[in-house]
Amino acid sequence: MSDMHSIVEVSSGRRLNPPADVEIDDRVWVGQRSLLLKGTTIGVGTVVGAGAVVTSTLPGNSLCVGVPARVVRSGISWHHELLPLD
């Protein structure tokens, strides 16, 4: 990933916003209006809540919410089909 515009330090001409990849593993569910910033990684099976801002690495099989996104529950999974409540 890359920013569409370079931010450059005037005195040195050095670019201040280098590009970085966003890595999304398998079976990740990203909620509506979430932001995944460059340089972030989301582990397999993770759920990112709506409106969360991902600024770092999120571990697999976790529920992450907030600004910045943080783990609120570990050891989770999700299914496409609706399961009955216990």
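Use the structure listed above.
If you're wondering where the values come from, they're calculated on a predicted model, not measured in any experiment. (Residues numbered from 1 in each chain as written. Predicted model: local features only at pLDDT ≥ 70, side-chain atom pairs only at ≥ 80, totals over all residues. Heavy atoms only, no water.)

Draft legend 1. Quick look at the overall build of the protein chain. The helix and strand tally for the protein chain stands at zero helices and nine strands. Reading the protein chain from its N terminus to its C terminus gives the helix and strand order β-β-β-β-β-β-β-β-β. Based on the C-alpha atoms only, the size of the protein chain along its principal axes is roughly 65 × 20 × 20 Å. The proportion of buried residues among the 86 residues of the protein chain is 24%. When contacts within the protein chain are restricted to residue pairs at least 6 apart in sequence, those whose partners lie at least 24 apart make up 8%. Here the protein chain has roughly 6200 Å² of accessible surface; of this, 57% comes from carbon and sulfur atoms. Of the charged side chains in the protein chain, 7 are positive and 8 negative; the average position of the first set lies 8 Å away from that of the second. (Helix = DSSP H or I, 4+ residues; strand = E, 2+ residues; numbered from the N terminus. Buried < 20%, exposed > 50% of the residue type's maximum accessible area, 1.4 Å probe, protein only. Contact = heavy atoms within 4.5 Å. Areas by Shrake-Rupley, 256 points an atom, 1.4 Å probe, with all protein chains shown as cover. Lys, Arg positive; Asp, Glu negative; His and termini not counted. Charge placed at Lys NZ, Arg CZ, Asp CG, Glu CD.)

Draft legend 2. The sheet that holds strand β1 (residues 23-24), seen in detail. Taken in spatial order, the three strands line up as β1-β4-β7 in an open sheet, and their pairing is parallel. Each edge of the open sheet is held by one strand with a lone partner, namely β1 and β7 (57-58). Bridge count for strand β4 (residues 41-42) against β7 is two bridges, and the pairing is parallel. Residue pairing for β7: Ile-42 is matched across the bridge by Leu-58. (Pairing = 2+ DSSP bridges.)

Draft legend 3. Fine view of the environment of Met-4. Considering the arrangement of structural elements, one finds Met-4 in the segment before β1. Counting along the chain gives 15 residues from Met-4 to Pro-19, while the straight-line C-alpha distance between them is 9.8 Å.

Draft legend 4. Here's a closer look at a negative patch on the surface. A contiguous patch of negative charge on the surface is contributed by Asp-21, Glu-23, Asp-25 and Asp-26. By secondary structure assignment, the location of Asp-26 is in the loop between β1 and β2 (29-30). (Patch = residues over 30% accessible without salt bridge, like charges linked within 9 Å, V, L, I, M, F, W, Y side chains within 5 Å. Salt bridge = Lys/Arg side-chain N within 4 Å of Asp/Glu carboxyl O.)

Interpretation in functional terms is not warranted from these geometric data alone.
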